Amino acid sequence: MKLSSFICLIYFISNTVYAETDISGFIKLNYLNYQSKFDSETNNEIFQVNRVSILNPINDKITLEGSYQVIQIYSDVNSFEILRNYDNQKRVYRIDDFNSTVIKKNDNYYLNHNFDRATVTWNGDTSSVVFGRQQLAFGSAKTVNPTDIFTPFSFTAIDTEVRNGVDAFRFRHQLGEMGQYDVGVVLGENADWKNSAAYGLIKFSVDEYEIKPMVAVFQEAQMGGLDLETSLLGASIWFENAWVAPKNESGYFRSVLGGERQITPDTSVFIEYHYNGAGETSPSEYYNLQNNFAYQKGGVFLLGKNYLNAGSSIQITPLHRLDPIIMTNLDDKSLFLNLSWEWNAKENFYFNLGSFISLGKTSDNTQNLESEFGSIPSTIFTRVRYYF
């Protein structure tokens, strides 16, 4: 057992003995059916997640938090895609960790576990410090976040409720009523600097604009980012940008310009244009991208350069909600549609039914794609969630 994982285990167990400890969590059962467009195999996949979290206020200023989860994954065929829907986020930024796979039978069944949170938080009057395994997320855009370099979700992720924790030290200080600066160090394997990161972000307001410039050094690359938010004619507007300069490759620029408006009290719609400077305009070049820094370490998952994305949230009734999202690769004319319906069946109990629908030119293998979305399996999925 590795040292930091042992510390997480002791932390988690000892934290539960305090009388003031708040225990919460969830149980999820997910079922997927999809057919690979490369091997024509129809696959049924089940992944089941059990998570327990503890929150213990030691005093008015110090709080301990921990989370642990156990995951079962089953697929009825030996498929290279079995883990694509569960673990889209690589656990890169951890000093060390347990082997995530406890049991593996052939390529059909996995029993995984994850010590996902173990933090000590100090809250002062205008400052806070968070130390340990925690969540880090940045950016205001909806479908893609150029400044979110640590644990971004892929567009094929089914469960995006909880991000994988990273080992970090984070300090935030309030600047007036609306401002803040946020700095942190994020540690990778063995706390080696080439595997680690550091960032700094300032948030301030000028007239109707919220401005968040950001700088980061990660995986021996440098990033400069700028995130702007404002309102226009009743709509929320965002403009998120990042320039990344890897150590041994050419730099790339990514940007998202979008807006969201409430159409009715129960319906909102958004639209975004995304420019991905790490990608290519020709599908014949997609395969060559996989070894580039952006796709190995930079948190980039889209292959093209120009995208038009849109979505909506429709509260059909107080207990039923529909959330369609469409992503369009403007270069190869392929399309990806994510449809999701949620039913709050009873208190703390939810049921979801959804589908991934992909349109575009299909290919026989991953090395010769005709379009980005055309070869993604069309998927039907259901989810049952219970929270305690």
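Our subject is the structure that appears above.
These numbers come from a predicted model, not from an experiment.

Peer 1: I'm lost on unusual backbone geometry in this one. Help?
Peer 2: Working note: non-glycine residues mostly have negative phi, and peptide bonds are mostly trans. A positive phi angle is found at E220, which is not glycine, with a value near 65°. With respect to the secondary-structure elements, E220 resides in the loop between strand 10 (209-218) and strand 11 (221-232). E220 sits in the partly exposed class, given a relative accessible area of 33%. Backbone geometry places L233, a non-glycine residue, at a positive phi of 55°. As for its placement among the helices and strands, L233 is situated in the loop between strand 11 and strand 12 (235-245). Of the residues examined, L233 reaches a relative accessible area of 74% and is grouped as exposed.

Peer 1: Would you mind going over the pairing of strand 2 (residues 42-57) with me for this structure?
Peer 2: Here is the key point about a regular strand: its side chains alternate between the two faces of the sheet. In this structure, strand 1 (residues 22-35) lies alongside strand 2, joined through 14 bridges in antiparallel fashion. Residue pairing across strands places F26 opposite R51, the latter belonging to strand 2. What sits between strand 2 and strand 3 (residues 62-75) in their antiparallel hairpin is a turn of 4 residues.

Peer 1: Whenever I open this one, the pairing of strand 7 (residues 166-175) confuses me. Can you help?
Peer 2: Bridge analysis of strand 6 (residues 127-134) against strand 7 gives 8 bridges, and the strand direction is antiparallel. The residue of strand 7 that forms the bridge with Q134 is V166. Direction of pairing for strand 7 relative to strand 8 (residues 179-187): antiparallel, over a ladder of 9 bridges. Paired with F171 across the strands is V183, a residue of strand 8.

Peer 1: Which parts of the structure should I look at to understand the environment of F301?
Peer 2: Considering the arrangement of structural elements, one finds F301 in the loop between helix 2 (293-296) and strand 15 (306-317). In this structure, the C-alpha to C-alpha distance between F301 and T156, residues 145 residues apart in sequence, is 9.9 Å.

Peer 1: I'm lost on the pattern of salt bridges in this one. Help?
Peer 2: A full pass over the atoms with the stated rule returns 19 salt bridges. Between R133 and D97 there is a salt bridge whose closest N-O contact spans 3.4 Å. Highlighted residues: R133 in strand 6 and D97 in the loop between strand 3 and strand 4 (101-105), separated in sequence by 36 residues. One exposure class covers both R133 and D97, and it is buried. Among the ionic pairs, D182 bridges to R170, the shortest N-O distance being 2.6 Å. You can see D182 sitting in strand 8 and its partner R170 sitting in strand 7, a full 12 residues away along the chain. A single burial state applies to D182 and to R170, both of which are buried.

Thresholds applied
- Residues numbered from 1 in each chain as written.
- Predicted model: local features only at pLDDT ≥ 70, side-chain atom pairs only at ≥ 80, totals over all residues.
- Heavy atoms only, no water.
- Helix = DSSP H or I, 4+ residues; strand = E, 2+ residues; numbered from the N terminus.
- Buried < 20%, exposed > 50% of the residue type's maximum accessible area, 1.4 Å probe, protein only.
- Pairing = 2+ DSSP bridges.
- Salt bridge = Lys/Arg side-chain N within 4 Å of Asp/Glu carboxyl O.

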